[in-house]
Amino acid sequence: MILKMLLCFRIICVMANKTTNMTNLDIHLDLLSKLNTYLLLTREEPVDEYPVNTTHNRKIWDRYYLCLQKQYEAIGEKEVLVPEAISILEGENVHMECRVCLFPGDDIGTAEWYWYTMLVPMDEWTVKDHKGRLSIYGVRLEEAGLYECRIGSTRSRPYFLHVAPDSEPVSEVKPYTAKKGPYPALPKVTASVFNVFTNWNPWTDCTRCDHVGRKYRFGACTVSLREPGNMMTTALEETPDLEILQLFAQGLPCWSPLLPRIVRHNRDVRNRSNEMMLAFCKVPCADDIFEVRTVLGKLLERVNNSAGLFSTLQGPPPLPPLPGRLTVYAQIGNPLSLSCPGHNLCDLPYRWGIGRKAKIAPWIAESKSLGRVTVNAKQQLVFNSIQPDDEKLYSCWQGESLAGVVRLLVFDERKVPVNHHLIIFGTLLILGTFLYVFVRIYMNRKRAASVYY
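Criteria and thresholds
- All residue numbers here refer to positions counted from 1 along the written sequence of the relevant chain.
- Owing to the predicted nature of the model, reporting of local features is limited to residues with pLDDT of at least 70; listing and counting of side-chain atom pairs is limited to 80 or more, with chain, interface and lining totals taken over all residues.
- Heavy atoms throughout the structure, all of them, feed into the side-chain values; hydrogens and water do not.
- In these notes, a set of buried Ala, Val, Leu, Ile, Met, Phe, Trp, Tyr and Cys residues joined through side-chain atoms within 4.5 Å is what counts as a nonpolar core.
- Summary of the burial criterion: residues with accessible area below 20% of their type's maximum are buried, those above 50% are exposed, and those between are partly exposed, where the area comes from a 1.4 Å probe applied to protein chains only.
- Secondary structure is summarised from DSSP: a helix means a run of H or I of at least four residues, a strand means a run of E of at least two, and numbering begins at the N terminus for each.
- Nonpolar side chains (Val, Leu, Ile, Met, Phe, Trp, Tyr) are joined into patches within 5 Å and like charges within 9 Å, using only residues with over 30% relative accessible area and no salt bridge.
- Areas reported as accessible are Shrake-Rupley estimates using a 1.4 Å probe. Residue values count occlusion only from the protein chains shown.
- Throughout this description, the term salt bridge denotes a Lys or Arg side-chain nitrogen within 4 Å of a carboxyl oxygen of Asp or Glu.
- Two cysteine sulfur atoms form a disulfide, by the criterion used here, when they sit within 2.5 Å.
- Criterion used throughout: strands pair if DSSP finds at least two bridges between them.
- To obtain each axis, a line is fitted to C-alpha atoms, and for helices this fit is confined to the stretch in contact; angles are then taken between N-to-C directions over 0 to 180 degrees.
- Here, residues are in contact when the closest pair of their heavy atoms is within 4.5 Å.
- Counted as a polar contact is a pair of N or O atoms within 3.5 Å, where, for protein atoms, one must be capable of donating a hydrogen and the other of accepting one, and residues adjacent in sequence contribute only when both atoms are in side chains.
- Grid points spaced at 1 Å over the protein atoms alone were grouped into cavities, where a 1.4 Å probe fits but cannot get out, and pockets, open sets with protein on both sides within 12 Å along at least five of seven lines, with lining residues defined by an atom within 4 Å of a point.
- Grid points are joined across faces, edges and corners, and a volume is the space filled by probe spheres set on the points.
- Note on residue categories: nonpolar means Ala, Val, Leu, Ile, Met, Phe, Trp, Tyr, Cys or Pro, charged means Asp, Glu, Lys or Arg, and polar means any other residue, Gly included.
- The aromatic pairing rule takes the rings of Phe, Tyr and Trp, using the six-membered ring of Trp, and pairs them if the centres are within 6.5 Å, calling planes under 30 degrees apart stacked, those over 60 edge-to-face and the rest tilted.

### Details of the nonpolar core
Formed by 19 residues in total, the largest nonpolar core has its most connected members in L338, W352, L381, F383 and L408. Taken together, the elements giving at least two residues each to this core come down to β18 (324–331), β19 (336–338), β22 (373–375), β23 (381–383), β24 (393–398) and β25 (401–411). With 18 residues, the next largest nonpolar core counts W113, V120, V139 and Y147 among its residues.

If you want it as structure tokens, here you go:
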């Protein structure tokens, strides 16, 4: 630093000798300008919020500042962290990112998830990964509600999870690129106040790799307010219940209990169903490679986990979840829908099979059964009318891994007609006969005892 100051002083002296024809004021201004230019070119980078002046470290801090900016924008004018509404089908998977603005150096692994005010317990179907993301596989109706990620005293923007039960209608649609429909419903403006549209979730993984498979994505019927205006202001003044839609700017599911009754009972909202889009896919099989490298990047070991090979440095691989098991009784002639009772903790759609080998292609099952057996948009095996030949062991698969088995047992009540009145009369007759015999024996013994004495 001292050498730089001496060098600066020398430069100033040289410049002063070259400016003898200038006025004193011009000399000072010119010297200050050239000195500032020199100092800007030669100054060291300040070590302020960047402890290590590297490109990687700057990117970490830039992401942190960008996260803070997005969180500030999400607060809005009301200065409230408004939840983001998510809608999924019962039995599907949901993934929620921990969007806490992590200060560089903090550990995201300390993130904790809360359901309302209760800590979310982790089990085999509720998993938190190393990035703090919460994954719930096979979501149940009772798991709907408000979820929030916390790291210490810092909280993220919460999620409001709506789980659509089987009672909510779901229509199967195809992409617009398909030659034949049905196609997704178009957005609609209702009552000049709010919009009704389909909010699409991400695609699932493809059912197979290196072969043509299927993928799905769920589209939830969603309601949101239109852009602000005079008509919107008047409508909000006349209907204060619509203020909930101001908070959820991205909209709420059409069947959400948070929606006002006036919105849920609207004809356009009531008649619009959720949608499940089906598309064909073909993706290459990707190998799960584990590598061991030195600090300098030299490769020491490389194994293919997809082929069942593991390194000793990985430790024992995690045990897969046990396949779910279920026994279902059905009456001949009645309709029935079978849902897979298990899950392999992945986003692969289900494939149904008979026993442990034969996979049922949905279009083949539908054609051979003349439409009696189908696989619906909810990935359920549907029987329009149960027949005696349907009594089998059915299996559901995710990829090449078994997820669950369902044993279907059928019965026919018509083979054994039951007359309940006749059964009651016969039971009373038998009891009456035993009672009569007991009384006669008791009276005969009493009479014999009196004659003896």
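Read on for the rest.
### Looking at a nonpolar patch on the surface
Together, L435, F438, V439, Y442 and M443 give the surface a local cluster of nonpolar side chains, amounting to about 530 Å² of exposed area. Its location among the elements puts Y442 in helix α9 (residues 420–452). Judged by its relative accessible area of 48%, Y442 is partly exposed.

### Details of the state of the cysteines
Per the stated rule, a full pass over the model turns up six disulfides. One disulfide bridge connects C206 with C281, the sulfur atoms lying 2.0 Å from each other. Note on the C206 and C281 pair: the S-S dihedral is about 95 degrees, so by sign convention the disulfide is right-handed. Here C206, found in the loop between β12 (194–200) and β13 (213–225), pairs with C281, found in strand β15 (residues 274–281); they are 75 residues apart in sequence, far enough to count as distant. With respect to burial, C206 and C281 carry one shared label: buried. Disulfide partner of C340: C396, at an S-S distance of 1.9 Å. Between C340 and C396, the S-S torsion sits near 65 degrees, and that sign places the bridge as right-handed. Taken together, the residues span a long stretch of sequence, with C340 in the loop between β19 and β20 (351–354) and C396 in strand β24 at a distance of 56 residues.

### A few points about the sheet that holds strand β5 (residues 126–128)
Strand order in the open sheet formed by three strands is β2-β6-β5, and the pairing between neighbours is antiparallel. Each edge of the open sheet carries a strand with a single partner, namely β2 (94–96) and β5. Adjacent strand axes in the sheet meet at a mean angle of 15 degrees when their direction is disregarded. Taken together, the three bridges between β5 and strand β6 (residues 134–136) define a ladder with antiparallel strand orientation.

### Some thoughts on the environment of E391
On the secondary structure map, E391 appears in the loop between β23 and β24. Taking the relative accessible area as the measure of exposure, E391 reaches 41% and is therefore partly exposed. Separated by 62 residues in sequence, E391 and Y329 place their C-alpha atoms 9.4 Å apart. Those residues in contact with E391 that sit more than four places away from it in its chain are L408, L409 and V410.

### Section: the sheet that holds β22
Within the open sheet, the three strands sit side by side as β19-β23-β22. Their pairing is antiparallel. The open sheet terminates on both sides in strands that have one partner only, identified here as β19 and β22. Between one strand axis and the next, the sheet turns through 20 degrees on average, direction left out of account. Taken together, the three bridges between β22 and β23 define a ladder with antiparallel strand orientation. Looking at β23, one finds that V373 is bridged to F383.

### Digging into the side chain of H343
Turning to its location among the elements, H343 is positioned in the loop between β19 and β20. In this structure the side chain of H343 is engaged in a polar contact, spanning 2.9 Å, whose partner is the side chain of N93. Among the polar contacts made by the side chain of H343, one reaches the main-chain amide nitrogen of L345 at a distance of 3.0 Å. Leaving out residues up to four positions away in the same chain, H343 has contacts with N93, W125, Y137, G138, P321, Y350, Q398 and A403.

### Points about the pattern of salt bridges
Under the definition given, this model contains twelve salt bridges. One salt bridge connects K188 with D268, and the closest N-O pair in it is separated by 3.1 Å. Placement of the pair is K188 in strand β11 (residues 188–190) and D268 in helix α7 (residues 267–270), with a sequence separation of 80 residues. You can call K188 partly exposed: its relative accessible area is 43%. With a relative accessible area of 21%, D268 lands in the partly exposed category. A salt bridge links E291 to R293, with the shortest nitrogen-to-oxygen separation between them at 3.1 Å. Of the residues examined, R293 reaches a relative accessible area of 46% and is grouped as partly exposed. Taken together, the shared-partner salt bridges connect R140, E142 and E143 into one network.

### With respect to the environment of I60
Tracing the backbone through its elements, the reader meets I60 in helix α3 (residues 55–75). You can call I60 partly exposed: its relative accessible area is 26%. For the pair I60 and G105, spaced 45 residues apart in the sequence, the C-alpha separation amounts to 9.6 Å.

### Some points on the layout of surface pockets
Counted as a void, the largest pocket has a volume near 1,200 Å³. If you trace the largest pocket, you find 33 residues lining it, with D288, P318, N344, L345 and C346 closest to the centre. Of all the elements in the fold, those that place two or more residues in the lining of the largest pocket are β5 and β25. Considered class by class, the residues forming the lining of the largest pocket number 17 nonpolar, ten polar and six charged.

### With respect to the packing of aromatic side chains
Per the stated rule, a full pass over the model turns up eight aromatic pairs. Both rings, one in Y176 and one in Y183, keep their centres 5.8 Å apart while their planes meet at 20 degrees; by these two values the pair is stacked. Given a relative accessible area of 54%, Y176 falls into the exposed group. Residue class for Y183 comes out partly exposed when judged on its relative accessible area of 33%.

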